[in-house]
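Understanding the architecture of this molecule
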Protein chains: 2
Amino acid sequence: MRPVAIVGVGQTPFGELWEYSLRQLVTEAGMKAILDCKVNGEEIDALYVGAMSSGQFVDQELLAPMVLDAAGLADLHIPTTHVEGAGASGAMALRQAYLAVASGNLDVAIAGGVEKTTDVPDREVTRILGAASDQEWEAFLGATDPALHALITRAHMKRYGTTREQLAAVSVKNHRHGAKNPEAHFQREITTEDVMRSKMVADPIRVLDMAPIGDGGAACVLVPLERAESYTSQPIRILGSGQGSDYLSLAARKDLTTFAATRHAAGVAYRQAGLTAKDVQVAEVHDAFTINEILALEDLGFCEPGQGGPFVDAGDADIDGSVAVNPSGGLKSRGHPLGATGIAQAVELVRQLRGTAKGLQVKDARVGLACNTGGTGVISVVHLMGVPW
Amino acid sequence: MRPVAIVGVGQTPFGELWEYSLRQLVTEAGMKAILDCKVNGEEIDALYVGAMSSGQFVDQELLAPMVLDAAGLADLHIPTTHVEGAGASGAMALRQAYLAVASGNLDVAIAGGVEKTTDVPDREVTRILGAASDQEWEAFLGATDPALHALITRAHMKRYGTTREQLAAVSVKNHRHGAKNPEAHFQREITTEDVMRSKMVADPIRVLDMAPIGDGGAACVLVPLERAESYTSQPIRILGSGQGSDYLSLAARKDLTTFAATRHAAGVAYRQAGLTAKDVQVAEVHDAFTINEILALEDLGFCEPGQGGPFVDAGDADIDGSVAVNPSGGLKSRGHPLGATGIAQAVELVRQLRGTAKGLQVKDARVGLACNTGGTGVISVVHLMGVPW
């Protein structure tokens, strides 16, 4: 396995983008990534695309060759592969692209993530998101995605004394970060009181505990590290990549207060990189619900089990905290176009490590971590990245 | 890239399997593959699953971790990845598993393919299959999958003089083979007259030119070749793997009488293996429509362009022909449960090369080829396999 670098990144705005089709989202993101480095279209050896369900959202399967076609590169006839893991689809595509380049099988790979969710009615979005839970044991019985995360939240509150205010602190922090990000879905700050007074969705989860589902696309260009400098003066090296999985239904889990998939993925990525959480200055983690960021901080080793709430509440995850968590605004504020999210995390880390963040810039960041999750922690993908210079 | 072998294979019956759920299909196939060799569940390092759309057919995304969970192996927390490429999803999963083992990233990978299509009404199946064409430029305008393949058929007839009888010869041959296969969807012979008198679907395509969509699952176990003998006395080596792509809509193609994606995939696979079509004794190719087998024979180099019809009509693709094509019965007779098809082709080749075919056995086969296609040749995947002993 040879070293691999990300040399180009690109992203569309995230939000309810009525003027964008699926094709336009992926094309704009891909073109921005290609223009961000000196790669020619003809050099591309393979394309990996992450999306939860272009079939359900816009009636289009064969997503990956469609993307190549939309980008005007169908004449290359190269391998194009769509990977699915609900909300983790983006990082899974990044990981497959990374493994393809690392293996020596090919040299230049594009990893893209996309979702166009606003072409179907809201009730359909709820139904489709239910397909990321266990249909037979959860969704058919009426448990929605927020209801399942409410069970996880309650378990954490009961076991560790995590408070409603600590949950709100995640949203408040991420909106404070995202307010400065011109590509974010929501670009405004909110207060603890706003969260506490927002509409109840599934007790104790309120609407401002939840990330907005929307439209967006993001893309990265990956090449062998030894060739990276011919494409950019600021390549970012992928130091470690791990992916884990768990029981599909919550009922089968032994413990609701930790995501075993994240622990597995992080263990693999840290071992590969020879690093620990202490070495990370900036992290983009999956805060689809506020409880998810708290679990991620614990499962990734940024704090002890049960200490995620106090950690955020004390400002340790702020832009100038012990680790800057979700400087982009995270899923909560930057937005969560499902398949695009995992790639957007990588885009943000590359910019932070280059010192070219579009929103808040973390100072002197040299190592970044991304954690992207699907369903109730059923799949989790962790990447570590760093400056090679 | 190190040599890789398939050491275990398993498959469910194919057909309208009202008594099987999606979970049962994948579990049975996976368990049969594991029991076919001496691999323990705990040794498995990764799982790749190919399916066109478990989201659209049974409202279930996060398909790959669901499969691991259904198999009772969720406690492993290993990487599980669902890949989608419409009808080519199965072979894409096999290729990702192959690349993962070949790269040295991991040792034991399972590649599975599955589709449960009979839980939705027939009209829904037609709509979902339309998602494998170009929604914006084909399906929304009323072009169905058979209509698009009718255009391809007409173009081939016009350019090369391919006849209706030659198309029928593909179905007749594949039903003759499949009639002996106890796992086939249709286990009966048909005549040229049956095909010619069958209901017209999209002129010149008749219902007996089309493979049946159904339910099924199939799985393979892959390990490094150097470790293969500890799992089985009859490992089959993967000699080459290629994947290609093409424009999504037919309107954008320069030529409807050849699939550029297949030519690209075959070129890569043959070069890797150091082989040509002349070295292949048995092939499983994608005959979703009769024209597809004819195109495959030409694009894979078994005959000259335009000669696919006469090749089949003369018996050259028979079980005792110059190359035995679709001894399993192919998609036409064995059946076409979308994501399962590409893996079922590999299962058949492994059995043929071992000399343990469940249906007709090709004599002295030492090299086999599988060609699995998605949509109108938008993705094509070619694998070459051989006996290492």
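Up top is the structure these notes are about.
Structural notes, computed from the coordinates. The written sequence of each chain sets the order in which its residues are numbered from 1. Lettering for chains starts from A, numbering for ligands starts from 1, and both go in the order in which the items are written. Note on the predicted model: pLDDT of at least 70 is required for a residue's local features to be given, and 80 or more for side-chain atom pairs to be given and counted; whole-chain, interface and lining totals, by contrast, use all residues. The basis for the side-chain values is all heavy atoms of the structure; hydrogens and waters are excluded.

1. Looking at the overall build of chain A
We count a stretch as a helix when DSSP gives it H or I for four or more residues in a row; a strand needs E for two or more, and each element gets its number in order from the N terminus. Looking only at helices and strands, chain A features 13 helices and twelve strands. C-alpha atoms define the radius of gyration in this analysis, and the globule rule sets the expected value at 2.2 Å times the number of residues to the power 0.38. A globule of 389 residues ought to have a C-alpha radius of gyration of about 21 Å, and chain A, at 19 Å, matches this closely. Projected onto its principal axes, the C-alpha positions of chain A cover 55 × 45 × 40 Å. Sorting the 389 residues of chain A into buried and exposed places 68% on the buried side. Across chain A, contacts joining residues at least 24 apart in sequence account for 77% of those joining residues at least 6 apart. As displayed, chain A offers around 12,300 Å² of accessible surface, 51% of which is attributable to carbon and sulfur atoms. Categorising residues by exposure relies on relative accessible area from a 1.4 Å probe, with only protein chains included: less than 20% of the type maximum marks a residue as buried, more than 50% marks it as exposed, and the intermediate range marks it as partly exposed. We call two residues in contact when some of their heavy atoms are within 4.5 Å. Here, Shrake-Rupley sampling with a 1.4 Å probe gives the accessible areas, and only protein chains in the shown set may cover a residue.

2. Quick look at the packing of helix 6 (residues 145-160) of chain A against helix 10 (residues 290-299) of chain A
Residues and elements named next belong to chain A. Axis definition: a line fitted to C-alpha atoms, over the contacting stretch in the case of helices. Angles run 0 to 180 degrees between N-to-C directions. At their nearest, the axes of helix 6 and helix 10 sit 10 Å apart, and the two run at 55 degrees to each other. Of the possible angle classes, the one that applies to helix 6 and helix 10 is oblique. Along this stretch, helix 6 crosses helix 10, giving a crossing that reads as left-handed. In this structure, helix 6 contributes His-149, Ile-152, Thr-153 and His-156 to the contact, and helix 10 contributes Ile-291, Asn-292, Ile-294, Leu-295 and Glu-298. Here the contact of helix 6 with helix 10 is built from residues that sort into four nonpolar, four polar and one charged. Small angles under 35 degrees read as roughly parallel and large ones over 145 as roughly antiparallel, with 65 to 115 read as roughly perpendicular and the rest as oblique. What makes a crossing left-handed is the near helix being turned counterclockwise from the far one by less than a right angle; a clockwise turn instead makes it right-handed. Note on residue categories: nonpolar means Ala, Val, Leu, Ile, Met, Phe, Trp, Tyr, Cys or Pro, charged means Asp, Glu, Lys or Arg, and polar means any other residue, Gly included.

3. What about the pattern of salt bridges?
The term salt bridge refers to a pairing of a side-chain nitrogen on Lys or Arg with a carboxyl oxygen on Asp or Glu at a separation within 4 Å. Across all of its chains, the model carries 44 salt bridges over all chains by this definition. Of the charged contacts in the structure, one is a salt bridge between Asp134(A) and Arg23(B), with a shortest N-O distance of 2.7 Å. You can see Asp134(A) sitting in the loop between helix 5 (122-130) and helix 6 and its partner Arg23(B) sitting in helix 1 (residues 22-35), one on each of two chains. When its relative accessible area of 15% is taken as the criterion, Arg23(B) is described as buried. Across the pair Lys116(B) and Asp119(B) runs a salt bridge whose closest N-O atoms are separated by 4.0 Å. What makes Lys116(B) buried here is its relative accessible area of 2%.

4. Some details on unusual backbone geometry
A cis geometry characterises the amide bond from Asp203(A) onward to Pro204(A), with omega recorded as 10 degrees. Checked against the element boundaries, Pro204(A) lands in the loop between strand 5 (200-202) and strand 6 (205-206). Even without glycine at this site, Asp59(B) takes up a positive phi of about 60 degrees. Among the secondary structure elements, Asp59(B) is positioned in the loop between helix 2 (54-58) and helix 3 (63-70). Among the residues examined, Asp59(B) registers a relative accessible area of 23% and is labelled partly exposed.

5. Here we look at the relation of the copies chain A and chain B
Least squares is the method for superposing the copies, and the C-alpha atoms it fits come from residues with pLDDT of at least 70 in both. Of the transformation superimposing chain A on chain B, the axial component is 0.0 Å and the angular component is 180 degrees, with the fit at an RMSD of 0.0 Å. Taken together, the rotation and translation describe the operation of a two-fold axis. Both copies contact each other with a shared surface, as 100% of the interface residues of chain A are interface residues in chain B too.

6. Describing the environment of Ala344(A)
All names here are of chain A. In this structure, Ala-344 sits in helix 13 (residues 341-354). Judged by its relative accessible area of 0%, Ala-344 is buried. Sequence separation of Ala-344 and Gln-11 is 333 residues, and the distance between their C-alpha atoms is 6.9 Å. In this structure, Ala-344 is in contact with Gln-11, Phe-14, Ala-218 and Arg-334, ignoring residues within four places of it in sequence.

7. Some remarks on the packing of aromatic side chains
Ring geometry is summarised as follows: Phe, Tyr and Trp rings, the Trp one being its six-membered ring, pair when their centres sit within 6.5 Å, and such pairs are stacked at plane angles under 30 degrees, edge-to-face over 60 and tilted between the two. The full count for this structure, using the stated rule, is zero aromatic pairs over all chains. Whether a charge lies above a ring is judged from NZ of Lys or CZ of Arg, which has to be within 6 Å of the ring centre and within 35 degrees of the ring normal. Above the plane of the ring of Phe186(B) lies Arg188(B), whose end atom (NZ or CZ) is 6.0 Å from the centre.

8. Looking at helix 4 (residues 89-102) of chain B
Residue and element names in this part refer to chain B. Take the residue count of a helix, subtract one, and multiply by 1.5 Å to get its expected span. Counted at 1.5 Å a residue, the expected span for helix 4 with its 14 residues is 20 Å, and the 20 Å between its end C-alpha atoms agrees. Burial of helix 4 is extensive: 14 of the 14 residues sit out of reach of the surface. Positioned one or two residues after helix 4, Gly-104 has a phi angle of 85 degrees, which is positive.

9. Some points on the interface of chain A and chain B
Counting residues at the interface gives 59 residues for chain A and 59 residues for chain B. Summed over both sides, the interface of chain A with chain B buries roughly 4,700 Å², with 48% coming from carbon and sulfur. We note a salt bridge from Arg23(B) to Glu136(A), for which the minimum N-O separation is 3.6 Å. Each polar contact in these results corresponds to two N or O atoms within 3.5 Å; when the atoms are within protein, one needs to be able to donate a hydrogen and the other to accept it, and residues that are neighboring in sequence are counted only if both atoms are side-chain atoms. Counting every contact that joins chain A to chain B gives 43 residue pairs in polar contact (both at pLDDT 80 or more). Among the elements of the structure, helix 2 (54-58), helix 3 (63-70), strand 3 (80-84), helix 4 (89-102), strand 8 (236-245) and helix 9 (260-273) of chain A are those that each provide at least two residues to the side of chain A that touches chain B. Tallied by class, residues from the side of chain A that touches chain B come to 25 nonpolar, 22 polar and twelve charged. Two parts placed together each lose some accessible area under a 1.4 Å probe, and the buried area is that loss summed for both.

10. Examining the pairing of strand 4 (residues 109-115) of chain A
Residue and element names in this part refer to chain A. In terms of residue burial, strand 4 counts as a mostly covered element, since seven of its seven residues are buried. Every second residue of strand 4 is oriented toward a common face, with Ala-109, Ala-111, Gly-113 and Glu-115 on one face and Ile-110, Gly-112 and Val-114 on the other, all of them buried. One requirement defines pairing of two strands: DSSP has to find at least two bridges between them. With five bridges joining them, strand 2 (residues 46-50) and strand 4 adopt parallel strand pairing. By the bridge assignment, Val-49 is partnered in strand 4 with Gly-112. Strand direction decides the pairing type here: strand 4 and strand 7 (residues 216-224), joined by seven bridges, are antiparallel. When the sheet's bridge partners are listed, Gly-112 is paired in strand 7 with Ala-219.

11. Points about the environment of Glu136(A)
Position of Glu136(A) among the secondary structure elements: in the loop between helix 5 and helix 6. Sequence spacing of Glu136(A) and Asp194(A) is 58 residues, and the spatial spacing of their C-alpha atoms is 36 Å. Those residues in contact with Glu136(A) that lie beyond four places of it in its chain are Leu141(A), Ser21(B) and Arg23(B).

12. Details of the packing of helix 7 (residues 164-178) of chain B against helix 10 (residues 290-299) of chain B
Residue and element names in this part refer to chain B. Interhelical geometry of helix 7 versus helix 10 gives an angle of 95 degrees and a closest axis separation of 8 Å. Here helix 7 lies roughly perpendicular to helix 10, going by the angle between them. Contacts between helix 7 and helix 10 involve Gln-166, Leu-167, Val-170, Ser-171, Lys-173 and Asn-174 on the former and, on the latter, Thr-290, Ile-291, Glu-293 and Ile-294. Here the contact of helix 7 with helix 10 is composed, by residue class, of four nonpolar, four polar and two charged.

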